[in-house]
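These are the residues of each chain, in order.
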Amino acid sequence: VQLQASGGGSVQAGGYLRLSCAAAGGIFSRFDMAWFRQAPGKEREFVGAINWSDSTTVYADSVKGRFTISRDNAKNTVYLQMNSLEPEDTAAYYCAVEKATARGTPRSPNEYAFWGQGTQVTVSS
């Protein structure tokens, strides 16, 4: 499976961005997918995930109510709509596909097998 993330950029606080993650080479529609982010000097952080079967979503508390994950299985693409961006959201954002052995919709990066290359989001105050 190959993942290609795109849509990052620089915005002012309060602005919005929409990230996309296109998957190729695998059965995308049968796996949960997630977004993580990593700021310089910090550990990779769970942002949110979407269930493969019913598109149920879960989010980190820090983004709940501001970010929305969706997926289009026909296009093998998952999206992250980010509204009301804050400087604290500045990070490289990564999409990931869960391991076949993962249970539920995991939040740990250790439960994800394939990763995109990351797309940078910078929010200025």
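Right, let's walk through the structure included here. Predicted model, so just to flag it, every value in this text is computed and none were measured.

## Notes on the pairing of strand β7 (residues 67-72)
Side chains of β7 alternate between two faces, with Phe-67, Ile-69 and Arg-71 buried and Thr-68, Ser-70 and Asp-72 left unburied. In this sheet, strand β8 (residues 77-82) lies alongside β7 in antiparallel orientation, the contact comprising 6 bridges. Bridge pairing in β8 places Phe-67 opposite Met-82. As consecutive antiparallel partners, β7 and β8 are separated by 4 residues, and within that stretch Asn-76 has a phi angle of approximately 55 degrees, a positive value.

## Examining unusual backbone geometry
Here the phi dihedral of Ser-55 falls at roughly 60 degrees; this positive angle occurs in a residue that is not glycine. As for its position among the elements, Ser-55 is in the loop between β5 (45-50) and β6 (57-59). For Ser-55, a relative accessible area of 38% puts it in the partly exposed group. Of note, Asn-76 is a non-glycine position whose phi angle comes to about 55 degrees, a positive value. Structurally, the position occupied by Asn-76 is in the loop between β7 and β8.

## Overview of the environment of Ser-108
Inspection of the secondary structure puts Ser-108 in the loop between β9 (91-98) and β10 (112-115). Judged by its relative accessible area of 30%, Ser-108 is partly exposed. Each C-alpha atom of the pair Ser-108 and Gly-25 lies 23 Å from the other, and the pair is 83 residues apart in sequence.

## Structural notes on the state of the cysteines
Taken as a whole and assessed by the stated rule, the structure comprises 1 disulfide. Across a sulfur-sulfur distance of 2.0 Å, Cys-21 and Cys-95 are joined as a disulfide pair. A torsion of 65 degrees about the S-S bond marks the disulfide between Cys-21 and Cys-95 as right-handed. Taken together, the residues span a long stretch of sequence, with Cys-21 in strand β3 (residues 17-24) and Cys-95 in strand β9 at a distance of 74 residues.

## A closer look at the sheet that holds strand β1 (residues 2-6)
Read across the sheet, 4 strands follow the order β1-β3-β8-β7 without closing on themselves; strand pairing throughout is antiparallel. Only two strands of the sheet have a single partner each, and these edge strands are β1 and β7. When strand polarity is set aside, the average angle formed by the axes of neighbouring strands in this sheet is 15 degrees.

Conventions adopted
Residues numbered from 1 in each chain as written. Predicted model: local features only at pLDDT ≥ 70, side-chain atom pairs only at ≥ 80, totals over all residues. Heavy atoms only, no water. Buried < 20%, exposed > 50% of the residue type's maximum accessible area, 1.4 Å probe, protein only. Helix = DSSP H or I, 4+ residues; strand = E, 2+ residues; numbered from the N terminus. Pairing = 2+ DSSP bridges. Disulfide = S-S within 2.5 Å. Axes fitted to C-alpha atoms, helices over the stretch in contact; angles between N-to-C directions.

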